[in-house]
Amino acid sequence: MLSCGAEEIDAAVMRLMLLRNAKSEKAEPGMRDRDRGLTARGQADAAMIADYMAGHALRPDRVVVSSAERTRETWQRMAAAFPASPVEYEDRLYESGTEAILGVIREIGRSASPLLVIGHNPGLHDTARQLIAPGTREAHRLDEGLPTCGLVVIDFARKDWQKLASRSGRLDRFITPRQIKTASD
């Protein structure tokens, strides 16, 4: 189901921000994957991406975070920059594919934009690729993948998350901690 092309999106009626968890520690023997926390680099990257978002008016109206420890810690490192943003933790975002992620987003209805979803790969990367309209100059930027703490900002012309459709978004930006560091050097 195609709703509109990227060229038809003049202004962002809805904005979705997809953020992959920051760099996490390797699993120790006997440790569950969902219990892995952030490395020191991951903690710094999460704070850096939050500063970038706040400095570029990318303030979420609502935040939905996977229930895994590394995504929870990613948000904890970011939360001070967005004290008014309500957050919910969602088990369905852990180890989920595109359909599960879209299901969580669609349940939001009309209640939030911008919406920030913090989750995991490959599901988050696949979701971003599915939502971005093909044939745009910017769409190819995701070809190399979504690195840890990578942020994808997608704009939509619709006014309701329940009507979110494949290939209906326009990539506004794709930013990584490495790009932020390079720009500040």
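Bear in mind that the values here come from a model prediction, so they are computed numbers and not experimental data.

1. Quick notes on the pattern of salt bridges
For the structure shown, the criterion picks out 13 salt bridges. We note a salt bridge from Arg-170 to Asp-155, for which the minimum N-O separation is 3.1 Å. Of the two residues, Arg-170 is situated in strand 6 (residues 170-175) and Asp-155 in strand 5 (residues 151-156); the sequence distance between them amounts to 15 residues. For Arg-170, a relative accessible area of 24% puts it in the partly exposed group. A residue is classified by how much of its surface remains accessible, and Asp-155, at 1% relative accessible area, is buried. Asp-172 is paired through a salt bridge with Arg-173; the nearest N and O atoms lie 2.7 Å apart. For Asp-172, a relative accessible area of 25% translates into the label partly exposed. Here the salt bridges do not stand alone but share partners, grouping Arg-15, Asp-155, Arg-170, Asp-172 and Arg-173 into one network.

2. Thoughts on helix 3 (residues 98-106)
The complete set of buried residues in helix 3 reads Thr-98, Ile-101, Leu-102, Val-104 and Ile-105. The arc that holds every buried residue of helix 3, seen down its axis, measures 155°, which confines them to one face. Against the buried residues of helix 3 lie strand 1 (14-20), strand 2 (62-66), strand 3 (87-90), strand 4 (115-119) and helix 4 (123-131).

Parameters at a glance
- Residues numbered from 1 in each chain as written.
- Predicted model: local features only at pLDDT ≥ 70, side-chain atom pairs only at ≥ 80, totals over all residues.
- Heavy atoms only, no water.
- Salt bridge = Lys/Arg side-chain N within 4 Å of Asp/Glu carboxyl O.
- Helix = DSSP H or I, 4+ residues; strand = E, 2+ residues; numbered from the N terminus.
- Buried < 20%, exposed > 50% of the residue type's maximum accessible area, 1.4 Å probe, protein only.
- Arc of directions from axis to C-beta.
- Contact = heavy atoms within 4.5 Å.

Taken by themselves, the reported measurements are silent on function.
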